[in-house]
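Structural description and commentary
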Amino acid sequence: MQAIGATGALAVAGCLGGDTQTDSGNGDQSAAEDEGLPAAKAVDVDRIARDPTDIPDPVDWNKPREHDVTIRTERVTAEIEPGVTFDYMTFEGQVPGPMLRVRRGDRVNLTFDVPDDLNVAAHNMDFHAVYGPGGGADATTIAPGDDPTQISFTADYAGVFIYHCAIPNMDQHISAGMFGSILVEPEDGLPEVDNEFYLGQHEIYTDGDLGEEGHHGFDFDAMLKEEPTYVVFNGQAYGFTPDGGVPMEANTGETARVYFANGGPNLLSSWHAIGNVWSRFYRDGDLLTDPDLNVETAPVAPGTTAAAEMEFPVPGPVKIVDHALTRAARRGALGVVDVTGEPTRDIYDEDP
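Heads up: these notes are all about the structure in this document. No experiment lies behind these values; they were computed from the predicted model shown. Residue positions are given per chain, counting from 1 as you read along its sequence in written order. It should be noted that, the model being predicted, local features are given only for residues of pLDDT at least 70 and side-chain atom pairs only at 80 or more, the latter also being counted only at that level, while totals for whole chains, interfaces and linings use all residues. Calculation of side-chain values draws on the structure's entire complement of heavy atoms; hydrogens and water are dropped beforehand.

Attention now goes to the overall build of the protein. Looking only at helices and strands, one finds seven helices and 20 strands in the protein. We compute the radius of gyration over the C-alpha atoms and compare it with the globule rule, which gives 2.2 Å times the number of residues raised to the power 0.38. For 352 residues, the compact-globule estimate of 2.2 N^0.38 gives 20 Å, and the C-alpha radius of gyration of the protein, at 20 Å, lies within 12% of that figure. With respect to the three principal axes, the spread of C-alpha positions in the protein is 55 × 55 × 30 Å. Counted over contacts in the protein with a minimum sequence separation of 6, partners at least 24 positions apart contribute 76%. All accessible areas in this document rest on Shrake-Rupley with a 1.4 Å probe, and a residue is counted as covered only by the protein chains that are shown. Of the roughly 15000 Å² of accessible surface on the protein, 45% is carried by carbon and sulfur atoms. Numbering of helices and strands starts at the N terminus; helices are DSSP runs of H or I of at least 4 residues and strands are runs of E of at least 2. Whether two residues are in contact is decided by their heavy atoms, any of which lying within 4.5 Å being enough.

Right, dumping it as structure tokens:
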């Protein structure tokens, strides 16, 4: 057994205080310990978490364009944390699915494929940015081995929106990783920033205990109770921290915009930056209304992509968390922006 809570709790101690416990809090584990989990499986990918900088370049055109996009679904085995494997369902092999970036008025020609050698279930795509039955889900529903299907749509809503699988078992498929974002920039574009990051929060419901080594299967009963084993960013517990993975990086004097998709399928995220604020917060992905200013903690509902910006006047870690803090301290919902460089303003002295 591992104590995943220890690493997470220490990492957010700047907000929680240092008095932490490492018990997972899952109650009597004797039955699980007696039976145990199957051994961890061999992984198909070294890292399930999509690189948060894997974002298309900003729109630099001023007339509508056509975009030919192909998205495949892939079932892959990967680690939630070291020693803990899980069978993920994904768009293009990582979590979240690839970000699509277009301009309002652009035409998207989507080819959707469910290769039979990479899947065991039917899938589809529901775009919250699309006018049409099911946001495209009706027309894109196909089973493994079916011929790829195509839809074409005009990106008529400016904003940043989630997409996800929407078959009858959509909650399971989203929990297992099948969600992503489409960014539809306004005709005049977005304010320029120095860095952009793309994160996706979701709950993973498993038949193992938190931190228990082995292969975790999906637990429908836990999902019905809305009691996840893990709550993570980009499919991986603590995947963007110095201890658990690769932090995001920025320099003092720079700015950053973070696109934050809450795939859910069930829990609201209380999105917070420790040691910073969302200086401009685009609520519910609304890029047309003036953003809210200097927001400390923002609700991001499941099925929503929000966007927010930060400045970095001083060095040090900026920790991005779900401020439902057990999720950050023990279940995996924590990422770090490692800010380096000299202070740009005399606003903070850690040893006066």
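So, next bit.
Our next topic: the pattern of salt bridges. Any two side chains of opposite charge can pair if their charged atoms end up close together. For this document, the term salt bridge refers to a Lys or Arg side-chain nitrogen within 4 Å of an Asp or Glu carboxyl oxygen. Here the structure, examined in full by the defined rule, presents 14 salt bridges. Close ionic contact of Arg283 with Asp292 constitutes a salt bridge, the shortest N to O distance being 2.7 Å. By sharing partners, the salt bridges in this structure join Arg101, Glu185, Glu196, Arg257, Arg280, Glu309 and Glu311 into a single network.

Moving on, we get to the environment of Gly263. Position of Gly263 among the secondary structure elements: in strand β13 (residues 255-264). Sequence spacing of Gly263 and Ala333 is 70 residues, and the spatial spacing of their C-alpha atoms is 13 Å. When neighbours within four sequence positions are excluded, Gly263 is seen to be in contact with Ile162, Ile174, Phe179, Gln201 and Gly303.

Being paired, for any two strands, means DSSP has found at least two bridges between them. Ordered in space as β3-β8-β7-β5, the four strands form an open sheet in which the pairing is mixed. Two strands in the sheet have a free side with no partner beyond their single neighbour: β3 (100-103) and β5 (126-127). Looking at chain direction, strand β7 (residues 159-164) and strand β8 (residues 179-185) are connected through six bridges and run antiparallel. When the sheet's bridge partners are listed, Tyr163 is paired in β8 with Gly180.

Once that is clear, we can look at the side chain of Glu203. Its place among the elements puts Glu203 in strand β9 (residues 195-204). There is a polar contact of 3.0 Å between the side chain of Glu203 and the backbone nitrogen of Leu267. Non-local contacts of Glu203, meaning those with residues more than four positions away in its chain, are made with Ser175, Pro228, Tyr230, Val231, Gly264, Pro265, Asn266 and Leu267. Polar contacts, as used here, are pairs of N or O atoms within 3.5 Å; protein pairs need one atom able to donate a hydrogen and one able to accept it. Residues neighboring in sequence count only if both atoms are side-chain atoms.

Below, the discussion takes up unusual backbone geometry. Following Val95, the chain continues into Pro96 via a peptide bond in cis, with omega recorded as -10°. Assignment of secondary structure puts Pro96 in the loop between β2 (84-91) and β3. Pro265 follows Gly264 through a cis peptide bond whose omega is 15°. With respect to the element layout, Pro265 can be found in the loop between β13 and β14 (269-274).

These results come straight from atomic positions and should not be treated as a statement about function.
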